[in-house]
Amino acid sequence: MSKERVLSGMRPTGALHLGHYHGALKNWVRLQSEMECFYFVADWHALTTHYEDASVIEQHVYEMVIDWLAAGLDPAQCTIFLQSRLPEHAELFTLLAMGTPIGWLERVPTYKDQQEKLNDKDLSTYGFLGYPLLQAADILIYKANYVPVGEDQASHVELTREAARRFNHLYGRERDAQQRIAASLAKLPRDSAKRLEKSRKQYQETGDAKALEGALAYMAQAPELDPDDRERLSGHFKGTGRTVLIEPQVLLTPTSRLPGLDGAKMSKSYNNAIALREDADSVAQKVKRMPTDPARIKRTDVGDPLKCPVWQFHQVYSDEPTRAWVTQGCTTAGIGCLACKQPVIDGILAEQQPMRERAQAYLDHPQLVRDIVDAGTQRARTAAQQTMREVREAIGLNY
Ligand code: TRP
Ligand code: SF4
């Protein structure tokens, strides 16, 4: 049996930081050994908000892939690729757009939120409205079962499910459906076929789930049927038509436990971030300059870790004895803030060390990164083209 498929993407709009690592990448790395994972650079999505300064995107495409590899994505275990190399995504986006009500997109919460938040940009564009539908195409084209994303993206996965359902409803019926169903049923012994039809009517008229289950179980083991027959008949039985596109599930990534240096969400635009591959001196400088409990003005003032962003870093980077040392030392003015920060600096540097080493190999040989993306894009293309053949066939575009 093939492994279940995972798909996720990131927009290449800046260097990744430790918030991305703890919020998303660490999870991607874990998943790659459990499922068949596809991870891609969503450069078209970046264009929806950066269409006026696309050079930012160009700068960060390969840098971001290096960040991924540094964090531990292994090209032998997962498929890494570039959205804009696969025009198939745009084709599916166009085809889905035909039957998607505008209201569905206007009601996605990120649409208004982001327009308000990024108010220095003109986001009253067709492309920005379509953002979640392009994301739906990214997901559906790989028939992904799971989409690991943060809470802010959950509504996009929900829209993806609606788009899949709508597509299957509109096009999931084969044109000569009745004949094909009859032909599949004719492969079965006469009285079995009759009993199945009776169960189907019962299910569709009275909603009797047992009748449906019984019929599906019988078909699953009937040696006369091939997989196409089974799929056709199960659509006929459920009344849904054939499943061309499958509905993915969101795999919610818990929000990052790591805030920014000032305690707010870590973000490059808030100037409170530590880059994934930031150099050691700069990391130490930044942590030393972190604000602490404002009540500790003098060394002799006692403090409260709960009012200090450094404490949140200890939650991520320090062991239990160190945390006990902090609580004790802070609340009695037994330690100074600089001393308190040292284990955090050590913890971050230790976490970054293997990342810096892995990245160095790719910085020395940039061609390696391009080769990884080329190979991944090739694998992705095979899967995407297969789905597009099925999609065109379902709509009836094969003239
Ligand atoms: N919108 C996502 C984000 O901003 C990026 C993205 C684009 C994505 N396409 C996707 C994520 C498909 C998951 C699946 O983070
Ligand atoms: Fe924050 Fe540590 Fe200073 Fe307490 S001792 S205020 S926890 S940095």
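Since the model is a prediction, treat every value here as computed from it, not as a measurement.

### Observations regarding the overall build of the protein chain
Looking only at helices and strands, one finds 18 helices and five strands in the protein chain. Its C-alpha atoms give the protein chain principal-axis dimensions of about 90 × 45 × 40 Å. Evaluated residue by residue, the protein chain yields a buried proportion of 47% over its 399 residues. Contacts spanning at least 24 positions in sequence make up 77% of the contacts within the protein chain whose residues lie at least 6 apart. A total of about 20,200 Å² of accessible surface is found on the protein chain, and carbon and sulfur atoms cover 53% of it.

### A few points about the packing of aromatic side chains
Taken as a whole, this structure holds nine aromatic pairs when the rule is applied. The interplanar angle of 25° and the centroid separation of 5.2 Å between the aromatic rings of F38 and Y142 together place this pair among those described as stacked. With F38 in strand β2 (residues 36–41) and Y142 in the loop between α8 (131–140) and β4 (146–149), this pair connects stretches of sequence that are 104 residues apart. The residues F38 and Y142 share a single accessibility class, namely buried. Measuring from ring centre to ring centre gives 6.2 Å for F128 and Y131, while their planes differ by 65°; the resulting arrangement is edge-to-face. Owing to a relative accessible area of 10%, Y131 belongs among the buried residues under this scheme.

### A short note on the site of ligand 2
Around ligand 2, the structure places T292, D293, R296, C308, V310, V326, C330, C337 and C340. Elements with a contribution of two residues or more to the shell around ligand 2: α16 (320–331) and α17 (337–364). Split by residue class, the shell around ligand 2 holds six nonpolar, one polar and two charged.

### Overview of the side chain of H156
Its location among the elements puts H156 in helix α9 (residues 154–171). By relative accessible area, H156 is classed as buried at 2%. Every residue in contact with H156, bar those within four places of it in the chain, is listed here: V108, T110, Y131, P132 and Q135.

### A closer look at the pattern of salt bridges
The tally for this structure, following the rule as stated, stands at 18 salt bridges. For the salt bridge of D67 with R277, the shortest nitrogen-to-oxygen distance reads 2.6 Å. On the criterion of sequence distance, the pair formed by D67 in helix α3 (residues 55–71) and R277 in the loop between β5 (249–252) and α14 (280–288) is long-range, its members being 210 residues apart. A relative accessible area of 3% means that D67 is categorised as buried.

### Comments concerning helix α4 (residues 87–98)
Taking 1.5 Å per residue as the helical rise, α4 with its 12 residues ought to reach 16 Å, and the 17 Å between its terminal C-alpha atoms agrees with that figure. When α4 is considered as a whole, its buried residues turn out to be E88, H89, L92, L95 and L96. Buried residues of α4, seen end-on, are gathered within an arc of 130° and therefore sit on one face of the element. Exposed and facing more than 90 degrees away from the buried side of α4 are P87 and M98. The elements touched by buried residues of α4 are α2 (43–50), β3 (78–82), α8, α9 and α18 (366–395).

### Structural notes on the domain arrangement of the protein chain
One can read the domain layout of the protein chain as domain 1 (5–171 + 246–256 + 365–395), domain 2 (177–238) and domain 3 (277–363). Each of domain 1 and domain 3 has a C-alpha centre, and these two points are 34 Å apart. Listed by partner, the interface residues are 15 residues for domain 1 and 12 residues for domain 3. Summed over both partners, the interface of domain 1 with domain 3 buries about 1,200 Å², with 59% contributed by carbon and sulfur atoms.

### Considering the nonpolar core
Core analysis: the largest hydrophobic core is formed by 56 residues, its most contacted members being Y39, W68, I80, F313 and I348. For this core, the element with the most residues is α3, which contributes 10 residues. Here this core gathers at least three residues from each of two domains, domain 1 (5–171 + 246–256 + 365–395) and domain 3 (277–363). With near-sequence residues (within four places) excluded, F313 lies in contact with L258, P259, G260, L261, M266, I274, M290, S318, V344 and I348. Within the second largest apolar cluster, 39 residues are counted, among which are L7, F40, L86 and A384.

### With respect to the site of ligand 1
Close to ligand 1 lie 14 residues, the nearest being R11, Y131, Q135, D138 and Q153. One nitrogen or oxygen atom from the side chain of Y131 is found 2.7 Å from a nitrogen atom belonging to ligand 1. Separating a nitrogen atom of ligand 1 from a side-chain N or O atom of Q135 is a distance of 3.1 Å. Elements that contribute at least two residues to the shell around ligand 1 include exactly β1 (5–10), α8 and β4. In terms of residue count, α8 provides more of the shell around ligand 1 than any other element does, four residues in total. In the shell around ligand 1, the residues fall into seven nonpolar, five polar and two charged.

### Things to note about the pairing of β2
Most of β2 sits inside the fold, with five of its six residues counted as buried. Looking at chain direction, β1 and β2 are connected through six bridges and run parallel. By the bridge assignment, R5 is partnered in β2 with E36. After leaving β1, the chain enters helix α1 (residues 18–32) and then returns to the sheet as β2, a path that is right-handed. Where β2 meets β3, five bridges bridge the pair, whose relative direction is parallel. In the strand pairing of β3, V41 is matched with L82.

What counts and what doesn't
Residues numbered from 1 in each chain as written. Chains lettered and ligands numbered in written order. Predicted model: local features only at pLDDT ≥ 70, side-chain atom pairs only at ≥ 80, totals over all residues. Heavy atoms only, no water. Helix = DSSP H or I, 4+ residues; strand = E, 2+ residues; numbered from the N terminus. Buried < 20%, exposed > 50% of the residue type's maximum accessible area, 1.4 Å probe, protein only. Contact = heavy atoms within 4.5 Å. Areas by Shrake-Rupley, 256 points an atom, 1.4 Å probe, with all protein chains shown as cover. Phe/Tyr/Trp six-rings, centres within 6.5 Å; stacked < 30°, edge-to-face > 60°. Near = heavy atom within 4 Å. Nonpolar A, V, L, I, M, F, W, Y, C, P; charged D, E, K, R; others polar. Salt bridge = Lys/Arg side-chain N within 4 Å of Asp/Glu carboxyl O. Expected span 1.5 Å × (residues − 1). Arc of directions from axis to C-beta. Domains from an automatic or database assignment. Buried area = accessible area lost by both parts, 1.4 Å probe. Core = buried A, V, L, I, M, F, W, Y, C linked by side-chain atoms within 4.5 Å. Polar contact = N/O pair within 3.5 Å; in protein donor to acceptor, adjacent residues only side chain to side chain. Pairing = 2+ DSSP bridges. Right-handed = clockwise from strand over helix to strand, strands pointing away.

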